[in-house]
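# Working through the structure, step by step
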Amino acid sequence: MYKKVLSIILILVFALTLVTGCGGKQQVNSNQNAQNNQNSGGNDQITIRVGHVLAPTHPYQLGLEKFAELVNQKTNGKVKVEVFHSSQLGNERDMVEGLQLGTLEMTLVSTAPLSSFTKKFLVFDLPFIFKDTVNARSVVDGPIGAELLDSLKDQGIIGLTYFENGFRHVTNNKRPIEKPEDLKGLKIRTMENPVHMATFKVMGADPTPMAFGELFTALQQGTIDGQENPLPIIETSKFYEVQKYLSLTGHFYAPAPLLISKSFYEKLSPEIQNAIKESAIEARDYERKLLDDMNAKLEDELAKKGMQINKPDKELFIKAVQPVYKQFEGDISPELIQKVMGAQK
Ligand code: EAX
């Protein structure tokens, strides 16, 4: 009899621990959100967490640190922004979902993963759609860019502005890429984006979609032959340590929208909302300047670090990827493509 009572007590104690233990974790999360919810209108400090996947030395990080400094200044210390690099808060798609769920306040991502949330952004992912950086910035900062950011609102996300990731180039360990045929059979990591995958497929490569956080290891282990990213990422994520050839294809331009959770943002006072919007624009210009300064010297620096760099004839690639425009006519309106092309000088 005694043993029976003891075992019932033990089971009850164990069950009680389970409930309070799990509840404790959820409690912490809801405390965090409650804290922010209560703070958004109250007098206490508001904390904004912003996550990204790049290295702490990349302009994404430095630009967000500038954003944090500006927001703190403009709100007289009422709002503190904490920046989390290197996928600490998850990969880009996870973080965008976090904004929708209200479990994360902000994130800085490339447009490519946004195609899972709204197809409109696919137009920016088309190969060679932008002539150069000046035109790309002018388009994303103008009415077309604003229209695409607006399309995020019904996804529970507010796009504040576009930082920059930049023009993307191919790296691999097999051979220099002089012409599209040189990509034949190469396993090239792409972002999780149908236009990016179709672009490499049409050139004969084997596109392998993968979250950024897994990329360095995959290159190191040789499970993929190559990847494509702008020079500042190749440098700050040390891809030169695991990639021999760098071919300056410039096949995609990646804008980097700075996003905030709509449910969180709408609880903030108009004064704080304005401070966040102003800080985002100033930090954007600061981030782009950092990228310009890096891009001016990275070809030499990456060559010094052992990469074999070649400059292929882009016209060969532009011609080879034309079928991708046709392939996505159902998802990307020809009118929107014409608008983006027509807005460039
Ligand atoms: O947005 O995944 C990538 O290659 C992107 O360049 C990165 O996520 C930064």
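Each remark here, short or long, concerns the structure printed above.
The structure displayed is predicted, hence computed values, not measured ones.

## Notes on empty space enclosed by the protein
- Inspection of every chain in the model, using the stated rule, returns one cavity of 30 Å³ or more.
- Approximately 160 Å³ is the volume attributed to the largest cavity.
- At the level of elements, helix H3 (92-101) and strand E4 (157-172) are the ones that each hand at least two residues to the lining of the largest cavity.
- Its residues assigned to classes, the lining of the largest cavity comprises nine nonpolar, six polar and five charged.

## Let's talk about the layout of surface pockets
- Of the voids in this model, the largest pocket is the one considered here, and its volume is about 410 Å³.
- Lining the largest pocket are 21 residues, and of these Thr 133, Phe 167, His 169, Gly 250 and Lys 314 sit closest to its centre.
- Those elements that provide at least two residues to the lining of the largest pocket are helix H4 (133-140), E4, helix H8 (231-236), strand E8 (245-261), helix H10 (270-304) and helix H11 (314-320).
- Residue contributions to the lining of the largest pocket peak at four residues, all from E4.
- Residue composition of the lining of the largest pocket, by class: nine nonpolar, five polar and seven charged.
- In this model, the second largest pocket occupies a volume close to 190 Å³.
- Around the second largest pocket, the lining comprises 15 residues; the ones closest to its centre are Ala 146, Leu 149, Gly 159, Leu 160 and Thr 161.
- Looking at which element gives the most residues to the lining of the second largest pocket, the answer is E4, with five residues.
- Here the lining of the second largest pocket is built from residues that sort into seven nonpolar, four polar and four charged.

## Regarding the environment of Lys 289
- Here Lys 289 lies in helix H10.
- Taking the C-alpha atoms as reference points, Lys 289 and Pro 59, 230 residues apart in sequence, are found 9.0 Å from one another.

## With respect to the nonpolar core
- Counting 81 residues, the largest nonpolar core has Phe 124, Phe 130, Leu 258 and Ile 276 as its most contacted members.
- In this structure, Leu 258 is in contact with Val 50, Leu 64, Phe 67, Met 106, Thr 107, Leu 108, Ile 158, Gly 159, Leu 160, Thr 161, Phe 163 and Ala 280, ignoring residues within four places of it in sequence.
- Judged by nonpolar contacts, the second largest core, of 12 residues, contains Leu 183, Leu 186, Phe 200 and Val 321.

## With respect to the pattern of salt bridges
- Applying the stated criterion to the full structure yields 23 salt bridges.
- A salt bridge links Arg 168 to Glu 228; its shortest N-O distance comes to 2.7 Å. Of this pair, Arg 168 sits in strand E4 while Glu 228 sits in strand E7 (residues 226-229); the two residues are 60 residues apart in sequence, bridging distant segments of the chain. With respect to class, Arg 168 is no different from Glu 228; both count as buried.
- Note that Asp 182 and Lys 179 form a salt bridge whose closest N and O atoms lie 2.8 Å from each other.
- When its relative accessible area of 11% is taken as the criterion, Asp 182 is described as buried.
- In the salt-bridge network here, residues are joined through shared partners; they are Asp 141, Arg 284, Asp 285 and Arg 288.

Rules used throughout
Residues numbered from 1 in each chain as written. Predicted model: local features only at pLDDT ≥ 70, side-chain atom pairs only at ≥ 80, totals over all residues. Heavy atoms only, no water. 1 Å grid on protein atoms, 1.4 Å probe; cavity = no way out; pocket = protein on both sides within 12 Å on 5 of 7 lines; lining within 4 Å. Points joined across faces, edges and corners; volume = space filled by probe spheres on them. Helix = DSSP H or I, 4+ residues; strand = E, 2+ residues; numbered from the N terminus. Nonpolar A, V, L, I, M, F, W, Y, C, P; charged D, E, K, R; others polar. Core = buried A, V, L, I, M, F, W, Y, C linked by side-chain atoms within 4.5 Å. Buried < 20%, exposed > 50% of the residue type's maximum accessible area, 1.4 Å probe, protein only. Contact = heavy atoms within 4.5 Å. Salt bridge = Lys/Arg side-chain N within 4 Å of Asp/Glu carboxyl O.

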